[in-house]
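One-letter residues, chain by chain:
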2 protein chains.
Amino acid sequence: MIKIQQNTLYGEAAARIRDMINEGSLLPGVRIPEKQLCEQFGISRTPLREALKVLAFEGMVELLPNRGARVMRLTRQMLEETYNVMGALEGLSGELACRHVTEQEVADIQALHYQMMAHYKRGEIRPYFELNQRIHDAIMLAARNDTLRETYSSLNYRIQRVRYSTHMIDEYWDQAVADHEAMIECLLARDGERLGAILREHLRHKLVVAAASGVIDEDQPTAV
Amino acid sequence: MIKIQQNTLYGEAAARIRDMINEGSLLPGVRIPEKQLCEQFGISRTPLREALKVLAFEGMVELLPNRGARVMRLTRQMLEETYNVMGALEGLSGELACRHVTEQEVADIQALHYQMMAHYKRGEIRPYFELNQRIHDAIMLAARNDTLRETYSSLNYRIQRVRYSTHMIDEYWDQAVADHEAMIECLLARDGERLGAILREHLRHKLVVAAASGVIDEDQPTAV
DNA sequence: TGAGCTATTTTTGTATTCATAATTCATTTT
DNA sequence: AAAATGAATTATGAATACAAAAATAGCTCA
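Residues numbered from 1 in each chain as written. Chains lettered and ligands numbered in written order. Predicted model: local features only at pLDDT ≥ 70, side-chain atom pairs only at ≥ 80, totals over all residues. Heavy atoms only, no water.

Draft legend 1. Representation of the overall build of chain A in the model. Scanning chain A from N- to C-terminus turns up nine helices and three strands. Across chain A, helices and strands are ordered from the amino to the carboxyl terminus as α-β-α-α-β-β-α-α-α-α-α-α. Classification of the 224 residues of chain A by burial places 50% in the buried group. For chain A, contacts bridging at least 24 residues in sequence account for 76% of all contacts bridging at least 6. Accessible surface, chain A: about 11,200 Å² in total, of which carbon and sulfur atoms supply 50%. (Helix = DSSP H or I, 4+ residues; strand = E, 2+ residues; numbered from the N terminus. Buried < 20%, exposed > 50% of the residue type's maximum accessible area, 1.4 Å probe, protein only. Contact = heavy atoms within 4.5 Å. Areas by Shrake-Rupley, 256 points an atom, 1.4 Å probe, with all protein chains shown as cover.)

Below, the structure written as structure tokens:
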């Protein structure tokens with residue numbers, strides 16, 4: 001099967017750089033040498049630089065005039081800010097989802113939830129995370145607001161690397177699962193206000209976990 | 001006074017195109033011919049194209065592969081979506097502002113408020129809008145969350161053209177002023193939750209005004 | 001030997017050029 | 001005459017070339 005390559009070079013490049021940052025092959029604070037990446041991707045500098053512009057706007061890299069691009073460092077402050085904003089957005093997604101969600105979607109989300117619970121009980125963290133993400137995505141989709149979804153997604157990119165490297169402490173994990181139980185109840189009852197509130201709180205808990213995991217650059221630039 | 005030209009060509013170009021869209025010299029849906037703008041700005045295509053990438057990410061223009069850039073049209077749907085998201089963000093700004101705002105800032109905001117009220121009583125809509133914007137900005141600043149501010153600002157760009165062209169009906173104007181009175185009270189009482197709720201509602205009212213003003217492209221693409 | 005300056009190299013920012021896809025216009029055919 | 005096809009033109013996407021700024025290295029001189 002031939003993949004239809006609708007994507008432009010700069011879009012492709014942006015995606016790859018994003019992945020590299022999230023996977024840790026490009027470390028926070030380090031310079032991104034255009035030439036090297038061009039060779040690596042087999043493209044010229046023009047589309048690569050366009051990609052960097054997009055990523056800069058996303059907040060993945062910072063562009064210093066005449067001094068090139070650097071991978072944005074996540075300070076504790078920034079992470080806190082981002083989680084707060086994402087909390088507000090997820091809260092809205094919950095409210096809107098309760099208004100627009102279909103029976104079918106609720107059923108699907110419930111199914112995902114039970115699947116997730118199974119992984120939780122077995123202590124399988126990776127699959128748990130996977131399902132968790134899919135549930136949140138499903139709620140976001142049910143909100144029927146693409147602007148919201150894109151805004152959220154853009155912020156989410158920035159902190160993916162933290163999420164990936166997060167390892168759960170049991171206590172927080174239990175709390176997260178409890179949040180999810182309550183979320184399902186709200187969805188069934190179409191209680192948007194409460195679902196919104198839970199989602200906001202839910203993100204606040206996640207922040208604590210992320211902060212504890214120690215992947216954050218403290219505000220004073222540590223080397224690298 | 002010499003303006004410090006820290007800005008790059010692409011940043012300058014992006015700003016100018018933004019302004020052109022907001023002022024109406026580039027109309028929704030029309031193609032943006034690269035060559036023409038290059039001549040107009042006196043720059044080459046490279047920085048201009050970089051500018052378009054940024055604007056595309058902001059949601060000001062849409063980039064169709066091999067078919068160039070078009071000014072994004074504001075459908076009713078999009079406007080509604082955007083106002084919802086901005087409402088959530090302003091709501092958060094209110095909550096955070098009540099936590100972080102200084103006495104001095106509250107006093108400044110109050111001063112702006114009274115200034116605004118004076119214009120309201122005199123029916124001076126332009127200066128009223130100006131002060132109104134500054135009050136919201138001040139609250140946003142008091143929230144001490146740059147991520148929030150930038151996210152909000154990016155969405156705000158998209159709908160500036162609607163705001164500019166909005167003419168107030170007395171009824172809505174009265175409502176807006178009432179909202180503002182309540183906002184000041186909340187700020188003084190540091191009642192973040194209520195301030196947040198008011199701001200969310202406040203934006204909902206603005207949507208009604210914008211929708212009524214008829215500057216929106218309906219979802220079915222009208223010519224142009 | 002070390003500090004400061006200059007020259008060289010490297011890298012970034014911008015312009016130009018080349019290739020390819022889309023659009024337009026003319027011609028042909030039904 | 002209208003529709004369809006194909007050639008010419010134009011615009012976009014990407015690569016290369018050039019200019020300017022920053023980083024580096026080497027050199028001089030105290």
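Now that the structure has been shown, we can carry on.
Draft legend 2. Focus on the sheet that holds strand E1 (residues 31-32) of chain B. Residues and elements named next belong to chain B. Pairing is antiparallel across the open sheet formed by three strands, whose spatial order is E1-E3-E2. Unpaired on one side and paired on the other, E1 and strand E2 (61-64) mark the two borders of the sheet. By the bridge criterion, four bridges tie E2 to strand E3 (residues 68-71) in an arrangement that is antiparallel. Considered in E3, the bridge of Val61 is made with Val71. Strands in contact with helix H3 (residues 45-58) are E1, E2 and E3; relative to E2, the strand with the most contacts, it is inclined by about 115°. (Pairing = 2+ DSSP bridges. Axes fitted to C-alpha atoms, helices over the stretch in contact; angles between N-to-C directions.)

Draft legend 3. A look at the interface of chain B and chain A. Taken together, the contacts link 30 residues of chain B with 30 residues of chain A. Contact between chain B and chain A buries roughly 2,500 Å² in total, counting both sides, with carbon and sulfur atoms accounting for 63%. The largest contributions to the chain B side of the interface with chain A come from Lys53, Phe57 and Thr147 of chain B, which together make up 23% of the buried area. Where chain B meets chain A, there are four salt bridges. Along the contact surface separating chain B from chain A lie seven residue pairs in polar contact (both at pLDDT 80 or more). Secondary-structure elements contributing two or more residues to the side of chain B that touches chain A are H3, helix H4 (76-100) and helix H7 (146-164) of chain B. (Buried area = accessible area lost by both parts, 1.4 Å probe. Salt bridge = Lys/Arg side-chain N within 4 Å of Asp/Glu carboxyl O. Polar contact = N/O pair within 3.5 Å; in protein donor to acceptor, adjacent residues only side chain to side chain.)

Draft legend 4. Spatial organisation of the sheet that holds strand E1 (residues 31-32) of chain A. Residues and elements named next belong to chain A. Judged by pairing direction, the sheet is antiparallel, and its three strands sit side by side in the order E1-E3-E2 without closing on themselves. Each edge of the sheet is formed by a strand with only one pairing partner; in this case those strands are E1 and strand E2 (61-64). Here two bridges tie E1 to strand E3 (residues 68-71), and the two strands are oriented antiparallel to one another. Bridge pairing in E3 links Arg31 to Arg70. Sheet contacts for helix H3 (residues 45-58): E1, E2 and E3; angle to E2, the most-contacted strand, approximately 115°.

Draft legend 5. Inspection of the protein's contact with DNA strand D at higher detail. The environment of DNA strand D is made up of 16 residues, and the closest members are Ser44, Thr46 and Arg67 of chain A together with Arg45 and Arg49 of chain B. Among the atoms of DNA strand D close to the protein, meaning within 4 Å, 69% are from sugar or phosphate groups. The contact in question runs from a phosphate oxygen of DNA strand D to an N or O atom on the backbone of Leu9 of chain A, over 3.1 Å. One of the side-chain nitrogen or oxygen atoms of Arg49 of chain B is found 2.5 Å away from a phosphate oxygen of DNA strand D. Going through the elements one at a time, H3 of chain A together with E1 and H3 of chain B are the ones with two or more residues in the surface near DNA strand D. The biggest single contributor to the surface near DNA strand D is H3 of chain A, with three residues. (Near = heavy atom within 4 Å.)

Draft legend 6. View of the protein's contact with DNA strand C. Surveying the vicinity of DNA strand C reveals 18 residues, the closest of which are Arg45 and Arg49 of chain A together with Ser44, Thr46 and Arg67 of chain B. Sugar plus phosphate, as a fraction of atoms of DNA strand C within 4 Å of the protein: 69%. In this structure, Ser44 of chain B approaches DNA strand C through a side-chain N or O atom, which is 2.8 Å from a phosphate oxygen. Here a base nitrogen of DNA strand C and a side-chain polar atom of Thr46 of chain B are 2.9 Å apart. Secondary structure elements with two or more residues in the surface near DNA strand C: E1 and H3 of chain A together with H3 of chain B. A per-element tally of the surface near DNA strand C places H3 of chain B first, with three residues.

Draft legend 7. Representation of the pattern of salt bridges within the structure. Enumeration over the complete set of coordinates arrives at 24 salt bridges over all chains. For Arg149 of chain A, the salt bridge identified is with Asp146 of chain A, shortest N-O distance 2.8 Å. Note that Arg149 of chain A and Asp146 of chain A are positioned in helix H7 (residues 146-164) at a spacing of three residues, about one turn of the helix. Among the residues examined, Arg149 of chain A registers a relative accessible area of 31% and is labelled partly exposed. Relative accessible area serves as the criterion here: at 40%, Asp146 of chain A is assigned to the partly exposed category. The closest approach of N and O atoms between Glu80 of chain B and Arg76 of chain B, which form a salt bridge, is 3.6 Å. With Glu80 of chain B and Arg76 of chain B both in helix H4 and four residues apart, this pair spans about one turn of that helix. In this structure Glu80 of chain B comes out as partly exposed when scored by relative accessible area, which is 33%. Residue classification places Arg76 of chain B among the partly exposed positions, given a relative accessible area of 33%. Bridged by salt links that share partners, the residues Glu34, Arg45, Arg49 and Lys53 of chain A together with Glu50 of chain B form one connected network.

Draft legend 8. Quick look at the relation of the copies chain B and chain A. The operation relating chain B to chain A is a screw motion whose rotation component is 180°, with 0.0 Å of axial translation and a residual RMSD of 0.1 Å. Both chain copies can therefore be described as sitting about a two-fold axis. Comparing contact sets, 97% of the residues at the interface of chain B also lie at the interface in chain A, consistent with an isologous, same-surface contact. (Least-squares fit on C-alpha atoms with pLDDT ≥ 70 in both.)

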